[in-house]
Amino acid sequence: ELLIYGLFVLWLIKGGYKGLQKLIKDNKGLFWPIILILIGVTISTIFSWDLRVSAGIWKAWFIDPLLFFIVFVSIIKKDNLKNIFKALILSGFVVSIISLIYLIQGNLNFQGRLQGIYDSPNFLAMYLAPILLVSLVTLAEIYSLKSLRPFLLINCLLLIIILFYTKSFGAWMGILGALAFGSMLYLYNQNKKKLALILIFLIFAIVFVLGLIKINSLEGLRSFDARFVIWQKAWQVFKQNPLIGIGPGTFQDYFPLYPKWGVPQPHNLFLAFLLQTGIIGFIGFIWLILYFFKRNLKLPTTQYSLLIIIIMSYILIHGLVDTTYWKNDISLMFWLIIGAMTIIKKEP
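First, a word on scope: everything that follows refers to the structure included in this document. For clarity, every value in this text was computed on a predicted model and none was experimentally measured.

Notes on the overall build of the chain
- When helices and strands are tallied, the chain shows 13 helices and zero strands.
- Taken from the N to the C terminus, the helices and strands of the chain come in the order α-α-α-α-α-α-α-α-α-α-α-α-α.
- Relative to its 348 residues, the chain shows a buried fraction of 49%.
- Considering only intrachain contacts with a sequence separation of at least 6, the fraction spanning at least 24 residues in the chain is 77%.

Now the structure itself:
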């Protein structure tokens with residue numbers, strides 16, 4: 001957070017704000033949903049019963065990443081995006097190495113799942129899965145970085161191993177679904193429509209079969225039953241607080257401890273926004289997602305537009321069973337992807 005504040009202050013000193021007015025004018029369709037999200041989460045925070053917790057989340061998961069987003073879209077050029085994704089890959093490699101040390105030491109949680117330095121295996125998976133997608137796409141020569149192939153191959157294998165031991169079915173569902181959608185889009189634009197349909201059918205068939213196997217296992221059945229109960233409770237809570245929500249970070253106060261861990265989030269991205277930003281913030285979030293896909297699908301399918309579509313698809317698909325935004329690093333990655341879209345749109 002201090003690095004973000006330092007970056008923002010430096011940006012102000014350097015006069016980066018001078019081009020901000022033009023940026024907003026050229027991207028009105030983007031900034032209106034952002035304003036709605038901010039209004040929603042701010043109102044929900046003000047009326048939260050636990051102002052300290054809600055204000056902390058408001059600052060760390062909305063204000064901070066938006067400050068970074070403003071600087072990002074103001075100074076980053078399209079040619080710089082390659083370095084942004086390289087940095088993500090390197091970050092994933094470092095986190096994977098640390099997680100591998102935890103794995104070798106047998107340092108797992110009570111369920112036998114790998115979580116590394118994170119509070120939950122799901123958080124580890126939610127951070128590394130998008131980076132695996134970036135690595136796979138890069139390895140597929142979208143950027144033609146031949147000198148990096150050995151490193152990328154090692155990194156992909158390492159990420160796959162770490163993700164496997166997180167035992168996050170949602171992460172793999174999101175990865176396969178995102179790859180299916182991205183491949184279909186790419187093949188469709190290459191006039192290979194039949195192959196695109198066959199590929200997406202095969203990948204979704206694999207996801208369906210794996211899902212059945214997961215649900216039929218004792219652990220999977222418990223996980224599914226738990227989520228179903230959590231979703232029911234989340235919907236009940238929303239109906240009691242539809243306009244202003246319940247305040248960020250307070251969901252676990254409405255949900256009894258289950259059975260060995262708390263439930264800080266409703267295990268669904270859309271329910272999380274609905275509950276913790278109210279109906280106003282939720283409308284802004286849906287508007288932002290629709291704007292994202294509308295803008296990107298209209299643009300030529302380039303290396304960057306395809307990559308950010310794949311990552312956003314992952315966030316939304318995995319978000320059906322987890323909250324793939326409500327964490328410091330994950331929220332920052334979300335706005336980085338929105339920022340990349342803005343840059344691609346801004347430049348030919």
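A few points about the environment of K167
- On the secondary structure map, K167 appears in the loop between α7 (149-166) and α8 (169-189).
- What makes K167 partly exposed here is its relative accessible area of 36%.
- For the pair formed by K167 and Q111, sequence separation is 56 residues and the distance between their alpha carbons is 9.7 Å.

Overview of the nonpolar core
- One finds M312, F334 and I338 to be the most contacted residues of the largest nonpolar core, which totals 96 residues.
- No other element matches helix α11 (residues 269-298), which puts 13 residues into this core.
- In this structure, I338 is in contact with L30, F69, L288, F292 and M312, ignoring residues within four places of it in sequence.

Notes on the packing of helix α6 (residues 121-139) against α8
- Remark: α6 packs on α8, axes separated minimally by 10 Å, with the N-to-C direction vectors making an angle of 30 degrees. In terms of orientation, α6 and α8 fall into the roughly parallel class. Seen along the crossing, α6 lies across α8 with a hand that is right-handed. Every residue of α8 that contacts α6 at A125, A129, L132, L133 and L136 is listed here: A171, W172, I175, A178 and L179.
- The residue makeup of the contact of α6 with α8, split by class, is ten nonpolar, no polar and no charged.

Quick look at a nonpolar patch on the surface
- A cluster of nonpolar residues, W32, I35, I39 and W287, forms a patch on the protein surface that exposes about 400 Å² of accessible area.
- Broken down by element, the nonpolar patch gets its largest block of residues, three residues, from helix α3 (residues 28-46).
- Checked against the element boundaries, W32 lands in helix α3.

Brief notes about the pattern of salt bridges
- Taken as a whole and judged by the stated rule, the model has two salt bridges.
- Among the salt bridges present, the one from K59 reaches E1, with a minimum N-O distance of 2.5 Å. A residue pair is termed long-range when its members are at least 10 positions apart, and K59 in helix α4 (residues 51-75) and E1 in the segment before α1 (2-13) qualify at 58 residues.
- Here K59 falls in the partly exposed class, since its relative accessible area comes to 32%.

Examining the packing of aromatic side chains
- Applying the stated criterion across every chain yields a total of 22 aromatic pairs.
- Taken together, a centroid distance of 4.0 Å and an interplanar angle of 10 degrees make the contact between F273 and F285 stacked. Like F273, the residue F285 is buried in the burial classification.
- A connected cluster of aromatic rings, assembled from ring pairs, spans F31, W61, F62, F69, F270, F273, F285, Y325, W326, F334 and W335.
- The ring of F123 carries the charged tip of K327 above its face, separated from the ring centre by 5.1 Å.

Scoring rules and cut-offs
- Residues numbered from 1 in each chain as written.
- Predicted model: local features only at pLDDT ≥ 70, side-chain atom pairs only at ≥ 80, totals over all residues.
- Heavy atoms only, no water.
- Helix = DSSP H or I, 4+ residues; strand = E, 2+ residues; numbered from the N terminus.
- Buried < 20%, exposed > 50% of the residue type's maximum accessible area, 1.4 Å probe, protein only.
- Contact = heavy atoms within 4.5 Å.
- Core = buried A, V, L, I, M, F, W, Y, C linked by side-chain atoms within 4.5 Å.
- Axes fitted to C-alpha atoms, helices over the stretch in contact; angles between N-to-C directions.
- Parallel < 35°, antiparallel > 145°, perpendicular 65-115°, else oblique.
- Left-handed = near helix turned anticlockwise from the far one by under 90°.
- Nonpolar A, V, L, I, M, F, W, Y, C, P; charged D, E, K, R; others polar.
- Patch = residues over 30% accessible without salt bridge, like charges linked within 9 Å, V, L, I, M, F, W, Y side chains within 5 Å.
- Areas by Shrake-Rupley, 256 points an atom, 1.4 Å probe, with all protein chains shown as cover.
- Salt bridge = Lys/Arg side-chain N within 4 Å of Asp/Glu carboxyl O.
- Phe/Tyr/Trp six-rings, centres within 6.5 Å; stacked < 30°, edge-to-face > 60°.
- Lys NZ or Arg CZ within 6 Å of the ring centre and 35° of its normal.

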